[in-house]
Amino acid sequence: MKRKILRLPEAVINQIAAGEVVENPASIVKELIENSLDAGAKNITVEIVSGGQQLIRVEDDGSGMGPEDALLCLERHATSKISSVDDLQTLCTMGFRGEALAAISSVSQFELKTSDGTATRVVSEGGSIQSVGPCARNQGTTIEVRSLFYNVPARKKFQKSSSANTAQVTHIVEVLSLAHPEVGFSLISNGKKTIELLASSEKQRIEEVLGSFEHEIGRKNGSVSGFIASPVRAMPNRTGQYLFMNKRPIFSPLLSKAVKSGFGTRIAEHAYPPFVLFLEVSPDLVDVNVHPQKKEVRFKEESVLFRIVQKAVENAFSSTLAFSEPLFFTPPPAYSFAESFPSSGFKMAAPEPVPELGLVFQDVPLAVIGKTLVLQRENLIVVDLPAAFARILFESIKYEKPQSQALMWPLEIALERGEEIALENLAELGIECRVLNRTLVIDALPSILEETHFPYFFAHWKEGKKMETIATRFCRSIKKSYLLDEAFLLWRKLQKCRDCLYDPLGNPIWAELKETDLCQIITGKKNS
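Note that the coordinates shown come from a computational prediction; the quantities given were computed from them, not determined experimentally.

Chemist: When you look at the overall build of the chain in this model, what are you seeing that I'm missing?
Modeler: Check the secondary structure of the chain and you find 16 helices and 24 strands. When the 528 residues of the chain are sorted by exposure, 45% land in the buried category. Expressed as a percentage of contacts within the chain between residues at least 6 apart in sequence, the contacts between residues at least 24 apart total 66%. In the form shown here, the chain has an accessible surface area of approximately 27,700 Å², with 52% of it arising from carbon and sulfur atoms.

Shown next as structure tokens:
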């Protein structure tokens, strides 16, 4: 009987492997850069022509290879990264399978130049070695991949346009550079240098590639560090999210959800916060061998890691400028605009020391303009008072059990015919009330709610929205004028909140105005 199962030829095996590893030019660039990083390169240059379809060249100054390793690295499952099954549990390198170079060379015209002191050149075409010999090369490795998929027309036909491939390669170079700020990266596309990143700090590299982020998660959070954006910059998708595990870029819906959970009510349900997060996880607690391109990983302690990430993000909103409270408050005397803004560089007059104690007021309230408080510290601080009140009210309700205070006279609110009120829900907010003859009778209110403002609060509460929405809309709707000392007291209460940066819906509560900002406001131009 004729056999149905056959052993596949080596060339077919390599092309099947290439289908898993080599998806497009960007996937090749990723594999080659990771090899350079594992080799300890300090500078990596990537060059592409026609989006990588005609040429991909990756050059580094890493450790390089000798003649024997240069030839062996093109064989399948030949690697310097692991030697036993146990090594899979403690992986610290970017690559480990030994498939990439064999797969790439099987679908291209491939050239390798490498030197660890002895330079070697290997030329391959369609996975078949054409020549091996010495060459001139300083320490490091250069790999050229030409005519990608020349021998697999079906794969080549489904490749994207040159511009789309260029964009993907650019993205890969930028992403890998974020996790390795100590390495210089360059990208040349069609003869033009489009990326040049010198070795720098983590923060500087992120700002060069992605711009600035408002909040930093410091190393003090242990296994989690990085940067998160302001809630107002939330996006409709995850394109602004960058997650690295042991410097390896990964995709994890679980950890993305953990970050969003850390934002709490500051962003909408279907919005996604931009972030760049770095996780340091013991290799034996994560399995990176679950995806052909190592994009996804599996964690052993998912719930623990979820809480760690969530808490780190929450803490990032708690940390802010340390505003010191004055020992006592006396509204400053009347002042003139000219005195407060001297002609020499818009410097504010320094606060006077307290004679008896020789101390200086740290936060000096200057004025209330409409519903905005203006403070002086090193720079001017402008505070959105309704937003501050909304944050204080929200946290009072959510994190504390509001203490009721009896009203001198009961407050009555007429109810519509058939309107039902969940008195137990109001009681949870510290509102003691009863229904009498289609009238809601309020006997006591929490101290943070004024009697005259309660009808506004009740109107928003009846709409059945979440408390963050109720608190924010209520504080925006009430007609209230603030005295200077009253506004400053609100500011001091805000400093005791878990989040003194954003209102419950994620809008900024205050902003700092520097000298350059004032110049721009007054002149309409940037200060030169």
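Chemist: Can you help me understand the sheet that holds strand 10 (residues 224-228) in this one?
Modeler: In any sheet, the strands associate via hydrogen bonds between backbone groups, in a parallel or an antiparallel arrangement. Strand order in the open sheet formed by five strands is 9-10-13-11-12, and the pairing between neighbours is mixed. Pairing within the sheet leaves two strands with one partner each, and these edge strands are strand 9 (215-217) and strand 12 (248-250). Across the sheet, the mean angle separating the axes of adjacent strands is 15 degrees when strand polarity is ignored. Alignment of strand 11 (residues 241-245) against strand 12, held across three bridges, turns out to be antiparallel. Paired with L243 across the two strands is I250, which belongs to strand 12. Each of strand 10, strand 11 and strand 13 (275-279) touches helix 8 (residues 253-263); the most contacted strand, strand 13, lies at about 120 degrees to it.

Chemist: Sorry, what's going on with the sheet that holds strand 21 (residues 404-414) here?
Modeler: The sheet built from three strands is open, its strands ordered 21-23-22 with antiparallel pairing. If you trace the sheet from one side to the other, it starts and ends with strand 21 and strand 22 (432-435), each paired once. Looking at each pair of strands side by side, their axes are set apart by 15 degrees on average, direction ignored. Contacts between helix 13 (residues 454-461) and the sheet are confined to strand 21 and strand 23 (439-446), with strand 21 contributing the most and set at about 65 degrees to the helix.

Chemist: Explain the pattern of salt bridges here, please?
Modeler: Taken as a whole and assessed by the stated rule, the structure comprises 19 salt bridges. A salt bridge links K480 to E486; its shortest N-O distance comes to 2.8 Å. For K480, a relative accessible area of 16% translates into the label buried. Assessed through its relative accessible area of 29%, E486 is described here as partly exposed. What emerges from the salt-bridge pattern is a single network uniting E47, R57, E144 and R146.

Chemist: Help me out: how do you make sense of the confidence of the model for the chain in this one?
Modeler: Reading fine detail from the predicted coordinates is not recommended where pLDDT is low. Model confidence for the chain is summarised by a mean pLDDT of 81, while 80% of its residues fall at 70 or above. Confidence drops under pLDDT 50 across residues 321-361; counting only partners more than four residues distant or on other chains, this segment forms 56 contacts.

Chemist: Quick question: what am I supposed to make of a nonpolar patch on the surface here?
Modeler: On the surface, a nonpolar cluster with roughly 230 Å² of combined accessible area is contributed by L71, I129 and V132. Here V132 lies in strand 5 (residues 128-134).

Chemist: Which parts of the structure should I look at to understand the packing of aromatic side chains?
Modeler: Two aromatic rings are characterised by how far apart their centres lie and by the angle between their planes. Per the stated rule, a full pass over the model turns up nine aromatic pairs. When the centroid spacing of 5.4 Å and the interplanar angle of 90 degrees are considered together, the rings of F457 and F474 count as edge-to-face. With F457 in helix 13 and F474 in helix 14 (residues 467-477), this residue pair connects regions lying 17 residues apart in the sequence. F474 sits in the buried class, given a relative accessible area of 1%. Taken together, the aromatic side chains of F389, F454, F457, F458, W461 and F474 make up a single cluster linked through ring pairs. Over the ring of F213 we find R233, and its NZ or CZ is 5.3 Å from the ring centre. When the ring centre of Y272 is taken as reference, the NZ or CZ atom of K260 above it lies at 5.0 Å.

Calculation rules
Residues numbered from 1 in each chain as written. Predicted model: local features only at pLDDT ≥ 70, side-chain atom pairs only at ≥ 80, totals over all residues. Heavy atoms only, no water. Helix = DSSP H or I, 4+ residues; strand = E, 2+ residues; numbered from the N terminus. Buried < 20%, exposed > 50% of the residue type's maximum accessible area, 1.4 Å probe, protein only. Contact = heavy atoms within 4.5 Å. Areas by Shrake-Rupley, 256 points an atom, 1.4 Å probe, with all protein chains shown as cover. Pairing = 2+ DSSP bridges. Axes fitted to C-alpha atoms, helices over the stretch in contact; angles between N-to-C directions. Salt bridge = Lys/Arg side-chain N within 4 Å of Asp/Glu carboxyl O. pLDDT = per-residue confidence, 0-100. Patch = residues over 30% accessible without salt bridge, like charges linked within 9 Å, V, L, I, M, F, W, Y side chains within 5 Å. Phe/Tyr/Trp six-rings, centres within 6.5 Å; stacked < 30°, edge-to-face > 60°. Lys NZ or Arg CZ within 6 Å of the ring centre and 35° of its normal.

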